[in-house]
Structure formats: structure tokens, C-alpha cells
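Overview (structure and organization)
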Amino acid sequence: MGAQILIVTAFLALTSSLAFASDPSPLQDFCVAVDDPKLFVNGKFCKDPKLATAEDFSFKGLDIAGNTSNKVGSNVTQVNVAQIAGLNTLGVSLARIDYAPYGLNPPHTHPRATEILTVLEGTLYVGFVTSNPENRLFTKVLNKGDVFVFPEGLIHFQFNTGHTNAVAIAGFGSQNPGVITIANAVFGSKPPISDDVLAKAFQVDKKVVDYLQAQFWVNN
């Protein structure tokens, strides 16, 4: 009987932790982030609430277009806990994405957040790929005012199909959603992944891997 209770307790603990596997709910009105160079925590330390100001909850400049003069033709302006300290523990953030004509926000993932994207200007071809073994591709062409959701952790992208600039705003279900750009991580890691590993994984010649690893990968 004791063993059965232990198994049930462990199962409930596991399922409850999975159910809340995202930013934890705050235990007070707010927790304005403050850095402590001597310690590391899962998130940020809190400033004394009595010392918080309106500036801790605001950000200026999201109306300014990002510089898209790079190889992929896009730029992401992040507004997360690093820019707004008051977002700490609140579980939300956002970003502005600017796209040059035919600009691309390359295939990437957000390991800690679902993303909801709204197109403000232009036309975007967007999509995401489900996990193994199906690897099913979901795509859609979005116009001004259209909205699309990218589930947490899945590889996704946005491509400007138009002759003019495009702009989108993305909301995230985390104060720090993180980003892993696939090409950067695979071919631009430091130190580099062995070309034996990548040649076998991608079923290509090592020279192809060496060429890709020699490229300058844009961190968007």
C-alpha cells in the first residue's frame, strides 16, 4: 500500500510539473529584475518593491525600424526582461521584426515560449515544422493584420515575399523565450561540431560541411 501511495505521489508531482513547465506565476505584484554578479538564479533577483519606478516597466524605441542590412535581410528588436526589468516573473515579452524585401527570419526555435505573430505591414510566408517522426510542415501567407501562432519549441520561420519592407510584432509566453537559430547552432557553434558528425548527419561530403562552417552566420 505504501509503495502504491509513493508511485501515485510521484506521478502527480511529475504531471503537475509538466503542466506548469513555463515561467512560474509571481508570488507578489511584481519582481523588478536586478543583477547580482556573485550569484546565478533561474531568472532574476528582485529589487526592493519600494525602490521600483515607472521606468522599470517601460521601453522606448519600438517604433524605430531595425537595420536589415545583413545576409538574411531581417532584424529582431527584442523587448524581454533584459530590456524591461519589470517583466521579471510576469511570463510575457515581445519583439519587433523588420524584413527587407525578400528578407528572412531564418528557421529557429524558442525553447521556452509559444510565439504569436501579427503582421503590421507587408506580406509574410510563415511556417513551422512539427516534431519527429511526422515533421509535418504548416505554412500560410499572412497579410497586414493577420495573426499566426508558432507552438513552443518548434522550428519556424518568416519570409517576406513582397517587393517592399515588412514589419511584424511577436508576443511570447515567457519573460525570456530564448532563441536557437538552426543554421547558426549547427554550423556556427564554438567550438565547431566535428565535420565527421555533420557530414554523416546531413549525408553530405565533408567539404560541404567545411564550407558551411566557414560562413558568417547572422545572429538575429
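The rules behind each value
Residues numbered from 1 in each chain as written. Predicted model: local features only at pLDDT ≥ 70, side-chain atom pairs only at ≥ 80, totals over all residues. Heavy atoms only, no water. Helix = DSSP H or I, 4+ residues; strand = E, 2+ residues; numbered from the N terminus. Buried < 20%, exposed > 50% of the residue type's maximum accessible area, 1.4 Å probe, protein only. Contact = heavy atoms within 4.5 Å. Areas by Shrake-Rupley, 256 points an atom, 1.4 Å probe, with all protein chains shown as cover. Polar contact = N/O pair within 3.5 Å; in protein donor to acceptor, adjacent residues only side chain to side chain. Phe/Tyr/Trp six-rings, centres within 6.5 Å; stacked < 30°, edge-to-face > 60°. UniProt positions renumbered as here; feature names shortened; annotations may be inferred. 1 Å grid on protein atoms, 1.4 Å probe; cavity = no way out; pocket = protein on both sides within 12 Å on 5 of 7 lines; lining within 4 Å.

When helices and strands are tallied, the chain shows four helices and 12 strands. Relative to its full complement of 220 residues, the chain shows a buried share of 30%. Look at the contacts in the chain between residues 6 or more apart in sequence, and 70% of them connect residues 24 or more apart. Just so you have it, the chain exposes about 13,700 Å², and 62% of that area is on carbon and sulfur atoms.

What follows is about the side chain of Asn88. Tracing the backbone through its elements, the reader meets Asn88 in the loop between β3 (74-79) and β4 (93-99). Classification of Asn88 by relative accessible area gives buried; the value is 2%. Only 3.1 Å separates the side chain of Asn88 from the backbone oxygen of Lys44, close enough to count as a polar contact. Excluding its chain neighbours within four sequence positions, the residues that come into contact with Asn88 are Cys31, Ala33, Gly43, Lys44, Phe45, Cys46, Val81 and Gln175.

Turning to the packing of aromatic side chains, a few remarks are in order. If you walk through the whole model with that rule in mind, you get five aromatic pairs. Ring-pair connections join several aromatic residues into one group, and the members of that group are Phe128, Phe138, Phe148 and Phe150.

Bringing the UniProt feature "binding site: Mn(2+)" (unreviewed entry) in the chain into the picture now. With numbering matched to this structure, UniProt assigns "binding site: Mn(2+)" (unreviewed entry) to His108, His110, Glu115 and His156. Taken together, the annotated residues stretch across 49 residues yet fold into one region, lying no more than 11.8 Å apart by C-alpha. As for the annotated residues named above, the ones lining the largest cavity are His108, His110 and Glu115. By the element assignment, Glu115 lies in strand β6 (residues 115-121). Assessed through its relative accessible area of 2%, Glu115 is described here as buried.

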